[in-house]
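Topology and contacts: notes
Here are the chains, one letter per residue:
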Amino acid sequence: MNTRSHYDVAIIGAGMSGLAAGIRLAHFGKKVCIFERHNATGGLNSFYSISGRKFDVGLHALTNFVRPGVKGTPLTKLLRQLRIDRAEFALCEQKQSRVVFGPNAETSLRFTNDFAVFENEIVTQFPKEIDGFRALVVAIKTYDDVSLDVAPISARAVVRTHIRNALLEDMLFCPVMYYGSAQEHDMEFGQFVIMFKALFLEGFARPFDGVRVILRVLLEKYRQAGGERRMKCGVRKISAHEGRATALILDTGEEITATHIISSIGAPETERLIGVATDATPLEAGRLSFVETISILNCQPAALGWGSDTIVFFNDSSRFDYACPTNALDTRSGVICLPNNFDYGDDRELSEGIFRVTCLARYDQWAPLAEESYQAQKIRCFAEVQRSARRFMPAVSDAVLAGATITTDMFTPRTITKFSGHIGGAIYGAPVKHRQGRTPLENVYLCGTDQGFLGIIGAMLSGISMANLHILQKN
Amino acid sequence: MTKDECKQVVLDIIADIAPDEDLSNVKPEVRLRDQLQLDSMDFLDIVMELRKRHSIEVPEADYQHLASLDSCAEYLTPKFIALAAKG
């Protein structure tokens, strides 16, 4: 065996989960290498530059924010496990966010990092539901959401035992689904619990410089711990013999051996590397994909009257329909993010205004388009997305917004596949999660989106948990 | 290695893995879990840091001996002494 290229652990993908797994393993003396096909780290949560301007992909806000001193939550566990001082992330809290429903934005529920604000909104606007809501919150708080072996139950069914009003039910599901559900219409209750806590019971924050601050911290920890990293170096195939992986074949044809393999690229994507037995049904890939429009403004959003909201989840229809659209785009619902509206302190603000809007989109209506039609569809959809979202914000005339806009960009399902490698632009991966991270091969484990801990903090905890469970606890 | 030194080794590890805990008043006879917010992930890290820093092995069946500082000292001090004698 060529010992030069043998690793204790090979990790596929340098996203949040792969990096977190790598830090743990390298810290405890494992010889680890992360293989990343892209030239950037971060996977789904990354950033790119166009003419000197940095655009974040993925991250609107870091969820799971708790203030110093609050213990036992995912953020605290993550910081401890990766030996990160919370000051390194330099998180700034959101101002406020809203869930706004109705064709004329009739019903609005405000929430902040103080849960009492949200509870009060329910008291005021859904007085008949407050007891049920409180009972639901108790059920959520007492649910063991990090257990690695529980039977899946329908979140819609559980929520309906407490909440009778369909509007409120949908208003609770909208943010939770948009920020992490890989399943259409419903969610597994454990996943709902993770996201409800992450969004409402904990909260939103962001480093001043966005996602790259978090990536920089992770990369530095990984490097200090002695981890290796190979960029622009995808894995083409996992070779196996008698139920065990024997080698990784890289895109270059180079062969790497490793005792353990952790794959963060998704369950169906990993299955493709392994190859499916002829008698087996391939794993189902996810269908939920997004577009996101990004407008760079020459002023702070506050100058347009958009200074209060950090994130706005909206829906104009009688029911909230979280599903793969029949057309290229569904603008009935979506998410607005104004990264300027985090509390960065009195003495600093982002140098430019940023207005981002996310809506559901359908991968196969984007993927096969020739370049010219693709660009034309982007322009058409950009206008539709913005028109829809602005109904839920204080009115700003077309002329004023156009005058304030310096430049725009947009990502589509095609971009998601390019950055994350997910089949079908499935932003949150496959609908069925694999809590134990098991694959058909005994020394290949999943981490990340398809393991099932959601959000950016969840992704990192997933990498940590799988490294602990399958490798560090074993010897 | 005395038992007090052994307790300090464990406290030093806890200080690094849980810097947000106040360790100034840890009572040696009381279970660590009952006075500090430590979960199973943190205990795994105590075990692994013992191995990494001091080459001390704690098999899973013996994790119970790490419950309090006193029990840590009872269990780990002989291991440190044995290791020193070998080295």
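A quick note: this is a predicted structure, and the numbers were derived from the prediction, not measured. (Residues numbered from 1 in each chain as written. Chains lettered and ligands numbered in written order. Predicted model: local features only at pLDDT ≥ 70, side-chain atom pairs only at ≥ 80, totals over all residues. Heavy atoms only, no water.)

Before going further, it helps to examine the overall build of chain B. Check the secondary structure of chain B and you find 4 helices and 0 strands. Written out in order from the N terminus, the α and β elements of chain B read α-α-α-α. Relative to the globule expectation of 12 Å for 87 residues, the C-alpha radius of gyration of chain B, 12 Å, shows essentially globular dimensions. In terms of overall dimensions, chain B has a C-alpha envelope of 35 × 25 × 20 Å along the principal axes. Taken across its 87 residues, chain B has 43% of its residues classed as buried. (Helix = DSSP H or I, 4+ residues; strand = E, 2+ residues; numbered from the N terminus. Rg over C-alpha atoms; globule rule 2.2 N^0.38 Å. Buried < 20%, exposed > 50% of the residue type's maximum accessible area, 1.4 Å probe, protein only.)

We now examine the overall build of chain A. Looking only at helices and strands, one finds 14 helices and 18 strands in chain A. The C-alpha radius of gyration of chain A comes to 22 Å, within 12% of the 23 Å expected for a compact globule of 475 residues. C-alpha atoms of chain A, sized along the principal axes, occupy 65 × 50 × 50 Å. Within chain A, the fraction of its 475 residues that count as buried is 61%. Of the contacts formed within chain A by residues at least 6 apart in sequence, a portion of 74% connects residues at least 24 apart. Taken as a whole, chain A presents about 18400 Å² of accessible surface, with 51% of it coming from carbon and sulfur. (Contact = heavy atoms within 4.5 Å. Areas by Shrake-Rupley, 256 points an atom, 1.4 Å probe, with all protein chains shown as cover.)

In this section: the pairing of strand β12 (residues 255-263) of chain A. Residues and elements named next belong to chain A. The element β12 is largely enclosed, with a buried count of 7 among its 9 residues. In terms of strand pairing, strand β1 (residues 6-12) meets β12 through 6 bridges, oriented parallel. Pairing of V9 across the sheet is with H260, part of β12. In terms of strand pairing, strand β11 (residues 244-250) meets β12 through 2 bridges, oriented antiparallel. Opposite L248, over in β12, you have I256 as the bridge partner. Hairpin connection, β11 to β12: the antiparallel pair is bridged by 4 residues, and G253 has positive phi, about 95°. (Pairing = 2+ DSSP bridges.)

Think of interface size as the accessible area that goes away when the parts come together; that is how it is often given. Taken together, the contacts link 16 residues of chain B with 17 residues of chain A. Here chain B packs against chain A, burying approximately 1400 Å² in sum over the two surfaces, 46% of which is carbon and sulfur. Across the chain B-chain A interface, the total number found is 8 salt bridges. Between E21 of chain B and R80 of chain A there is a salt bridge; the shortest N-O distance is 2.8 Å. If you look at where chain B meets chain A, you find 12 residue pairs in polar contact (both at pLDDT 80 or more). The set of elements that each furnish at least two residues to the side of chain B that touches chain A consists of α1 (3-17) and α3 (40-54) of chain B. Here the residues of the side of chain B that touches chain A are counted per class, giving 6 nonpolar, 1 polar and 9 charged. (Buried area = accessible area lost by both parts, 1.4 Å probe. Salt bridge = Lys/Arg side-chain N within 4 Å of Asp/Glu carboxyl O. Polar contact = N/O pair within 3.5 Å; in protein donor to acceptor, adjacent residues only side chain to side chain. Nonpolar A, V, L, I, M, F, W, Y, C, P; charged D, E, K, R; others polar.)

Moving on to the packing of aromatic side chains. Residue and element names in this part refer to chain A. Counted under the stated rule, the structure contains 31 aromatic pairs over all chains. Considering the side-chain rings of F115 and F196, the 6.5 Å spacing of their centres and the 70° angle between planes classify their relative orientation as edge-to-face. Residue F115 is found in helix α4 (residues 115-125), and its partner F196 is found in helix α8 (residues 189-202); the two are separated by 81 residues along the sequence. F196 gets classed as buried once you look at its relative accessible area, which sits at 0%. Of note, R212 hangs over the ring of F47, and the distance from its end group to the ring centre comes to 5.8 Å. (Phe/Tyr/Trp six-rings, centres within 6.5 Å; stacked < 30°, edge-to-face > 60°. Lys NZ or Arg CZ within 6 Å of the ring centre and 35° of its normal.)

This part is about the nonpolar core. Residues and elements named next belong to chain A. Counting 113 residues, the largest nonpolar core has F133, F192 and F313 as the members making the most contacts within it. It is α8 that provides the largest number of residues to this core, a total of 9 residues. Among the nonpolar cores identified, the runner-up in size contains 28 residues, and C299, V312, F314 and A389 belong to it. (Core = buried A, V, L, I, M, F, W, Y, C linked by side-chain atoms within 4.5 Å.)

Considering every residue of chain B, the mean pLDDT works out to 94; 100% of them sit at 70 or more. If you check the scores for this complex, the pTM reads 0.94 and the ipTM reads 0.90. (pLDDT = per-residue confidence, 0-100.)

Once that is clear, we can look at helix α7 (residues 166-178) of chain A. Residue and element names in this part refer to chain A. With 13 residues, α7 extends 18 Å between its outermost C-alpha atoms, agreeing within 8% with the 18 Å of an ideal straight helix rising 1.5 Å per residue. In terms of burial, α7 is largely enclosed, as 11 of its 13 residues are buried. Listing the buried residues of α7 in full gives L168, E169, D170, M171, L172, F173, C174, P175, V176, M177 and Y178. Taking the backbone nitrogen of L167 as reference, a side-chain oxygen 2.8 Å away marks N165 as the first, capping residue of α7. (Expected span 1.5 Å × (residues − 1).)

Residues and elements named next belong to chain A. Here 7 strands make up an open sheet; going across it, the order is β7-β6-β14-β15-β16-β13-β17 and the pairing mixed. Of all strands in the sheet, those with a lone pairing partner are β7 (107-111) and β17 (405-411), marking the two edges. The average undirected angle you get between the axes of adjacent strands in this sheet is 20°. With 6 bridges connecting them, strand β13 (residues 289-297) and β17 associate as antiparallel partners. Looking across to β17, one finds that S295 is bridged to T408. Against the sheet, helix α13 (residues 413-420) makes contact with β13, β16 (353-361) and β17, and its axis sits at roughly 95° relative to β13, the strand it touches most. (Axes fitted to C-alpha atoms, helices over the stretch in contact; angles between N-to-C directions.)

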